[in-house]
Amino acid sequence: MSDTQDRLRQIVSDPTLSPAQKRGYLAVEAENMLPYPALDADVVEALEARLICDMYEGHAPYRPRYVLPDYAVVLRDGSSWLELEAPRDLDEAISTLQIAYHHVPSITGMPVFLGDLDALLLPFCEGVTDDDLYKKIKLFWRYLDRVLPDAFMHANIGPSDNRVARAILRVDAELGQIAPNLTFKYDPEVSTPDILRLATANIAKCSKPQIANHPVHAATFDDRGYGIVSCYNALPLCGGSSTLTRINLKKVAESAENEQDFFDRALPCAIDLNFRLTQARIDHLYEKSGFFQSFLAQEGWINPDRFTAMYGIFAMAEAVNLLQDQAGRAGRYGFDDAANALGHRISKHLADAVAARPMRHVWQGRAMLHSQAGLSNDVDATPGVRIPYGTEPDPVSHVRALAPHHAFYGSGISEILTIDETVKQNPEALFQLCKGAFAEGFREFTANVASNDLVRVTGYMVRLSDIEKFRACEGSRINTTALGAEAAEVTGILDRKPRVVAHEQSAGYGQ
Amino acid sequence: MSNPQATVNKLLTWSSVDGPGNRLVLFLQGCNFACAACHNPYTIGVCNDCGDCLPVCEPRALTMQGGRVKFDADLCTQCDKCTDICPISASPMVRRMSVDQVIATIRDHAHFLTGITVSGGEATMQLKFLTALFAAMGEDPALSNLTRFVDTNGHLGAKGWARLMPVMDGAMLDIKALDPALHRDLTGQELDKTLRAARLLKDAGKLFELRYLLVPGVTDKPDQITTLIDFTRSLGGQTRIRLNAFQHHGVRGHALDWPPMQRAGVEAVADRLRAADTGEVATPALYL
Ligand code: SF4
Ligand code: SF4
């Protein structure tokens, strides 16, 4: 048998994968039999050396990486393509959403965005008792986890304090499911302290939700709004992101002779190469795939002009420490002011370069910088601008070391604060930490509480007990468990002192 | 203006175990109790510059300058050999901080904080500094929303409490034992002052919680818990009680002969307190 047939056979006969999971991996293999969009030799070389990386999205982009439909459209107008009338009550609205989700693609084949659920459902809640609302949300939540089991699937609530948001927080803590992931958008002018307290108390129980600094995100986007999806991605609503590519800053630093060479030559060169890779992939999506002729665009769920390009970077910690070594400075990233300042300077350089470069088929003509949370097979490279696993300082020092980066990463910055379990008795401390982090400019507040079964791996949720089961070869219902198990073994992620996992960070079957 | 100073063993900007919310915690050096079960005994004594710890410090972080021990934090590898050898349970790794310096640090972290807790050692032994710090916080519009707590053994006399109480929001009061002879045995000091402090604080509405350390076979006997319930009731109203479990972590000397307190034992005591309806009962989040 040929190598290719061997691989396909392995996937087909893997007892730990469900048929749907097998189909997913088979599709990736098939796509990758096609030639890559035309790249020049320098970009090919950089891609093969993984100095720059396409997130193993496949050779022939035929759908955007992240799609954030404006579900208000289908709730208001129904869909002629799907032969759906506009819903009139809460049951019909939830049913319409459940159908809609099935037609929204993403890189994983599952929807990554479930919408601003409270804003979407509130208009249908008049006359619905709190008790009924709670029961309906609970069934909805169970449906999402069992039918669309991908930890990257993300619901948004807030910033207002309302019945639907409260019902969702209550159900989410009670069920402790991996899916969906959840973000509460916090705005001190709109949200009540009470609902932020509810949200932070939930974090103490199940490490969810994430909390988004709404005023900061809102200012980054336009009036049409934004959504938080997958791990930490802030993207235009009614659009999304066509691609995610990323630069391995550690490799850039390795190729540089010293700090000056890094800023003058190595970094600008890597930035340019990654732009060329990104543009080639986006051109294929827009000019060859026919994606934007779908009913999603025709009915106005999405607008082809509202897809950005996520311009990712990772391994900041390793890059800074290498440059420090080259300069004979002992200070380490995350702990030393000079090392931290060097990191902030790199982020600024990246942000300026991204703002300066026009792009085709991209929202507002510019890519958006992203601090990327890592792939499950990254070795010796810390996600985004994070401080390496297991070495993080106390949460307040942690926030202060990283806060200056946040201004630069418009499409999201992945940071996880690990909090020891004593905080379970004192969730007020989490509330205060979150407010402090936002006052320092944090875009996102994400915390793992040690001893919770539900924990975040590189950004998505996993159950530690599922990883144990997966290791014992029982397979997992949830796509992301396989990734979590891989990430745990390869990247030392569970060293992050304190569980379902996620599809999109896989480099493909067996990678 | 006077700007009193304190000898500070440690300053934390994140703590979820020293009172409500996130607190900046200042651990002051020096204690008037000598508790066998102390889990940070190196905060008990105050350095007399004897120099005994200098030779054990391999990176030479400790030097003698003008008859006084100088500590260089940049050279220190945190091996703790100096505090292990110190004959009087002191530490050379302390720093002097003035009220102004501490206020500046609190201001810098204010948006992360629910309040501050001064612990130790015994916080109230540096009363002048403590009252000046709390008063300064109260007068600073940017800090007046932060709550000011002390963690204390209650040995401070009524006059001292009268000075501190007006500028303090709450106290966490440790009671090591409720039998006078046992208390003397465990701490080297008399029990009555601690009990008097508990009443004073309760009457002023400033007793945030009573803390009681459970040591198996020493302080967890049924009649001792009965005494704890009776005493708490005698304070009037409801009083929050935090049960701590004796663990070996950090402990030195003969107290290591005592077994660590297990979760089941703590829960049994907590059940009795809850049944007696003395107020909220908190149990340890962690058993090391
Ligand atoms: S810390 Fe102890 S051993 Fe060292 S000089 Fe002071 S009293 Fe002496
Ligand atoms: S803890 Fe620091 S000061 Fe003390 S002996 Fe070790 S290196 Fe020296």
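Everything below is about the structure printed above this text.
Nothing here was measured: the structure is a model prediction, and the numbers come from that model.

Visitor: Just checking my understanding: could you explain the sheet that holds strand 6 (residues 210–213) of chain A for this structure?
Guide: Backbone-to-backbone hydrogen bonds join strands into a sheet, with any given pair of strands oriented parallel or antiparallel. All names here are of chain A. With respect to topology, five strands assemble into an open sheet ordered 3-4-5-6-13, the strand pairing being mixed. Looking at strand neighbours, the two that pair on one side only are strand 3 (113–116) and strand 13 (444–445), the edges of this open sheet. As judged from the two bridges shared by strand 6 and strand 13, these two strands associate in the antiparallel manner. From the neighbouring strand, Ala212 faces strand 13, where its bridge partner is Glu444.

Visitor: Explain the interface of chain A and chain B to me, please; I cannot follow it from the model alone.
Guide: As a measure of interface size, the accessible area lost when the parts come together is often cited. The interface is formed by 22 residues belonging to chain A together with 19 residues belonging to chain B. For the pair chain A and chain B, the summed buried surface comes to about 1600 Å²; carbon and sulfur atoms form 59% of the total. Linking chain A with chain B are one salt bridge. For the pair chain A and chain B, the interface holds 10 residue pairs in polar contact (both at pLDDT 80 or more). Mapped by element, the contributors of at least two residues to the side of chain A that touches chain B are helix 16 (395–406) and helix 17 (427–439) of chain A. If you tally residues by element for the side of chain A that touches chain B, the top one is helix 17 of chain A, at eight residues.

Visitor: Just checking my understanding: could you explain the packing of aromatic side chains for this structure?
Guide: To describe a pair of aromatic rings, you give the distance between the ring centres and the angle between the ring planes. Summed over the entire model, instances satisfying the criterion amount to 17 aromatic pairs over all chains. Residues Phe291 of chain A and Phe292 of chain A carry aromatic rings whose centres are separated by 5.0 Å and whose planes lie at 85 degrees to one another, so their mutual orientation is edge-to-face. The exposure class assigned to Phe292 of chain A is buried, which follows from its relative accessible area of 12%. Judged by centre distance (5.6 Å) and plane angle (75 degrees), the ring pair of Phe246 of chain B and Trp258 of chain B falls under edge-to-face. Of this pair, Phe246 of chain B sits in the loop between strand 10 (241–245) and helix 8 (263–276) while Trp258 of chain B sits in the loop between strand 10 and helix 8, and the two are 12 residues apart along the sequence. Residues Phe246 of chain B and Trp258 of chain B agree in their burial class; the two are buried.

Rules behind the numbers
- Residues numbered from 1 in each chain as written.
- Chains lettered and ligands numbered in written order.
- Predicted model: local features only at pLDDT ≥ 70, side-chain atom pairs only at ≥ 80, totals over all residues.
- Heavy atoms only, no water.
- Pairing = 2+ DSSP bridges.
- Helix = DSSP H or I, 4+ residues; strand = E, 2+ residues; numbered from the N terminus.
- Contact = heavy atoms within 4.5 Å.
- Buried area = accessible area lost by both parts, 1.4 Å probe.
- Salt bridge = Lys/Arg side-chain N within 4 Å of Asp/Glu carboxyl O.
- Polar contact = N/O pair within 3.5 Å; in protein donor to acceptor, adjacent residues only side chain to side chain.
- Phe/Tyr/Trp six-rings, centres within 6.5 Å; stacked < 30°, edge-to-face > 60°.
- Buried < 20%, exposed > 50% of the residue type's maximum accessible area, 1.4 Å probe, protein only.

Any functional reading would require information beyond the geometric quantities listed.
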